[in-house]
Amino acid sequence: MIKFENVSKTYDGNELFALKNIQLHIEKGEFVFLVGPSGAGKSTFLRLILKDFDPSDGKILLNEINTKTLKKAEVQRLRRRMGVVFQDFKLLEGKTVFENVAFAMEVLRRDSKTIRKRVLQVLEIVGLDGMAERYPVAMSGGERQRVAIARAIINGPDILICDEPTGNLDPRTSFGIMKLLENINKFGTTIVMATHDKQVVDAFNKRVIILDRGLVKGDRQGGYFY
Amino acid sequence: MRTFFNFFRDAYHNIKRNTLMSTASIASVVAALIIMGIILILAINVNYVVKQVEESLEMKIYLSDNIADERVSEIGEFIKATPHVATVEYLSKEKALEEFASWFGENEDKLLQGYAQNGNPLPRSYVVKVDDAAYLENIYDTVMAQEGVTDVVYGKEYVDVLLRFNRAINMVSFVIVVILSLVSLFTIYNTIKLTIYARRDDVEIMKYVGASNAYIQMPFIIEGSVLGLIGAGAAILLIRGAYTMILGMMQVNAALPLSTTLAPFGMVIYQIAIYFLIYGFVIGAAGSLISVSKFLRTSR
């Protein structure tokens, strides 16, 4: 599903490689942890999948399509098949939980009846039923992240990209979020999650890709190490 | 429809949230438009004067005494067929003498008598009016080349000065308008940049859920246009007030020769209002379009 073929990335005006000669394949339905110290290239890795930018060298294939060849409208269509969850949630503070989640569907111009039905459904899935009219500011970190996850999965993505989703949460809350992500994964969504959280990685037996200074230093099943 | 309403609601909230920068944008549009307005009023008035002068401008084409009547009418037809000639009037020798004599008031009779005895020395002529003073010189050249035409006379120096003045005013106003437009454009560009910065999370999320560029840009473009239109509206009111005041002052000093040639108020304000609204809208929309496009380009 996601294929990196000899991918390297340098940023403008910087000779250092953010990523260098990455060669790997993530299958449909996999749950992959991306670990490594700060500056290892985790965010670059995720942003390449999102096609925030193109690799400086090599190519990235999503469902066998080279992302570099995609036109603007095709990139937009591609992103509608992906969900993104951030460490800092990125919720719109002026909007209610319902509006925050509905936003992702409004952008795609779905009709309001479908939106209403779907949002309430998804809020139930993430464990926030009855909280639709609350504002993010009145919620705990774990609850906010659930709102962000609801927003990320509302359009039924094939791939869910998570950038340190438990980074701001205590271990107990993190565990709840991980359980939720695991459930989403069970329904067929491929998940790529960058994390620093040793406890989380150790507790969930998943494939772990280790990045260090732009290189893949390890790629194996289960456990945190580097 | 609902989304379109939402765009306007968002724009309204953003303008309110960004009071300082929004006010600065509106002020810059107002300032630009007021200066433009002054120039425009000047230009409209100069054009108005030019038009009045053009309408009264006459070209006299004198004919030789040695040509036959047929040739005279031939020349007349030729002049009529010349582009930008509005009216042609034939002046016979007798009529010319009458007109000439009329300048001398009470001594008219004696003068006519004298000429009647010694033969009338005044030539036959055509009096021509044109629809655009800029073509006088062309017409002069073509007509002068005709056989039987002895001389062509028009207020060349006067027309030249007027045309040059008109052109200079147009040129200077054009340059100033361009500079002021750039200033307004830049201010609105920056205001929208701040708005986008304040809403970068929204934009980022929209981007990641696959919103089209048009969808992301729309609220910002509406915001920019609204700022431009508010600025235009304020400028129209200010200019209207000022022009009414100046007209009032001129009516008090009715002796001023200028007051007779000042363009009527209705005509001026109508033209200016349309220019201003279009200008405000375009500058506002363009400024925000450039700003948001740049943001989308650098962030994707």
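Before reading on, note that the structure itself is shown above.
Basis of the calculations
Residues numbered from 1 in each chain as written. Chains lettered and ligands numbered in written order. Predicted model: local features only at pLDDT ≥ 70, side-chain atom pairs only at ≥ 80, totals over all residues. Heavy atoms only, no water. Helix = DSSP H or I, 4+ residues; strand = E, 2+ residues; numbered from the N terminus. Buried < 20%, exposed > 50% of the residue type's maximum accessible area, 1.4 Å probe, protein only. Contact = heavy atoms within 4.5 Å. Areas by Shrake-Rupley, 256 points an atom, 1.4 Å probe, with all protein chains shown as cover. Pairing = 2+ DSSP bridges. Axes fitted to C-alpha atoms, helices over the stretch in contact; angles between N-to-C directions. Parallel < 35°, antiparallel > 145°, perpendicular 65-115°, else oblique. Left-handed = near helix turned anticlockwise from the far one by under 90°. Nonpolar A, V, L, I, M, F, W, Y, C, P; charged D, E, K, R; others polar. Salt bridge = Lys/Arg side-chain N within 4 Å of Asp/Glu carboxyl O. Polar contact = N/O pair within 3.5 Å; in protein donor to acceptor, adjacent residues only side chain to side chain. Expected span 1.5 Å × (residues − 1). Patch = residues over 30% accessible without salt bridge, like charges linked within 9 Å, V, L, I, M, F, W, Y side chains within 5 Å. Lys, Arg positive; Asp, Glu negative; His and termini not counted. Charge placed at Lys NZ, Arg CZ, Asp CG, Glu CD. Core = buried A, V, L, I, M, F, W, Y, C linked by side-chain atoms within 4.5 Å.

(A) Examining the overall build of chain A more closely. Check the secondary structure of chain A and you find 7 helices and 10 strands. With 226 residues in all, chain A has 54% of them scored as buried. A sequence separation of at least 24 residues applies to 69% of the contacts in chain A between residues at least 6 apart. Entry remark: accessible area of chain A is about 10500 Å², with carbon and sulfur atoms responsible for 48%.

(B) Structural context of the pairing of strand β3 (residues 31-35) of chain A. All names here are of chain A. Taken across its 5 residues, β3 has 5 buried, putting it largely inside the fold. Bridge count for β3 against strand β8 (residues 190-194) is 4 bridges, and the pairing is parallel. Bridged to Phe 33 within β8 is Met 193. Here β3 pairs with strand β9 (residues 207-212) via 4 bridges, running parallel. Bridge assignment links Val 35 to a residue of β9, and that residue is Ile 210.

(C) Structural context of the packing of helix α3 (residues 97-106) of chain A against helix α4 (residues 112-125) of chain A. Residue and element names in this part refer to chain A. Direction vectors running N to C along α3 and α4 enclose 120°, while the axes themselves pass 10 Å from each other. In terms of orientation, α3 and α4 fall into the oblique class. α4 is crossed by α3, and the crossing has right-handed handedness. Contacts between α3 and α4 involve Val 97, Phe 98, Val 101, Ala 102, Met 105 and Glu 106 from the first element and Thr 114, Ile 115, Arg 116, Arg 118, Val 119, Leu 120 and Leu 123 from the second. Its residues assigned to classes, the contact of α3 with α4 comprises 9 nonpolar, 1 polar and 3 charged.

(D) Spatial organisation of the sheet that holds strand β7 (residues 159-163) of chain A. Residues and elements named next belong to chain A. Taken in spatial order, the 6 strands line up as β6-β7-β8-β3-β9-β10 in an open sheet, and their pairing is mixed. Taken across any chain shown, the strands that pair with only one partner, and hence form the sheet edges, are β6 (82-85) and β10 (215-221). Put simply, the sheet's adjacent strands are angled 15° from each other on average, direction ignored.

(E) Examining the sheet that holds strand β3 (residues 125-130) of chain B more closely. Residues and elements named next belong to chain B. The sheet built from 4 strands is open, its strands ordered β2-β3-β1-β4 with antiparallel pairing. Edge strands, defined here as strands with exactly one partner in the open sheet, are β2 (85-91) and β4 (149-153). With direction set aside, neighbouring strand axes in the sheet form an average angle of 20°. In the packing of helix α3 (residues 69-81) onto the sheet, the strands contacted are β1 (59-63), β2, β3 and β4, and the crossing angle to β3 comes to about 5°.

(F) Molecular detail of the interface of chain B and chain A. Taken residue by residue, the interface counts 16 residues in chain B and 19 residues in chain A. Applying the counting criterion to the chain B and chain A interface returns 3 salt bridges. Residue Lys 90 of chain A pairs with Glu 204 of chain B through a salt bridge whose shortest N-O separation is 3.6 Å. Applying the counting criterion to the chain B and chain A interface returns 2 residue pairs in polar contact (both at pLDDT 80 or more). Among the secondary structure elements, those contributing two or more residues to the side of chain B that touches chain A are α8 (200-208) and α9 (213-252) of chain B. Considering each element in turn, the side of chain B that touches chain A owes the most residues, 7 residues, to α8 of chain B. Of the residues that constitute the side of chain B that touches chain A, the class distribution is 6 nonpolar, 4 polar and 6 charged.

(G) Inspection of helix α6 (residues 171-186) of chain A at higher detail. Residues and elements named next belong to chain A. Between its terminal C-alpha atoms α6 stretches 22 Å, which fits the 22 Å expected from 16 residues at 1.5 Å a residue. Among the residues making up α6, those that are buried are Ser 174, Ile 177, Met 178, Leu 180, Leu 181, Glu 182, Ile 184 and Asn 185. Considering only its buried residues, α6 is in contact with β3, α4, α5 (141-153), β7, β8 and α7 (198-203). At the N-terminal end of α6, a side-chain oxygen is found 3.1 Å from the backbone nitrogen of Arg 172, two or three residues along, and the residue is Asp 170.

(H) Fine view of a positive patch on the surface. The grouping of Lys 72 of chain A together with Lys 193, Lys 294 and Arg 297 of chain B at the surface amounts to a positive patch. Within the secondary structure, Lys 294 of chain B sits in helix α10 (residues 265-299).

(I) Inspection of the nonpolar core at higher detail. With 84 residues, the main nonpolar core has Phe 33, Leu 123, Ile 149, Leu 160, Leu 181 and Met 193 of chain A together with Phe 276 of chain B as its most contacted residues. Sort the elements by how many residues they give to this core and α9 of chain B lands first, with 10 residues. Ignoring anything within four residues of it in the chain, the contact list for Leu 181 of chain A reads Phe 31, Ile 149, Leu 160, Cys 162, Pro 165, Ile 191 and Met 193 of chain A. Of all hydrophobic cores here, the second largest spans 32 residues; its members include Ile 22, Ile 49, Ala 194 and Leu 211 of chain A.

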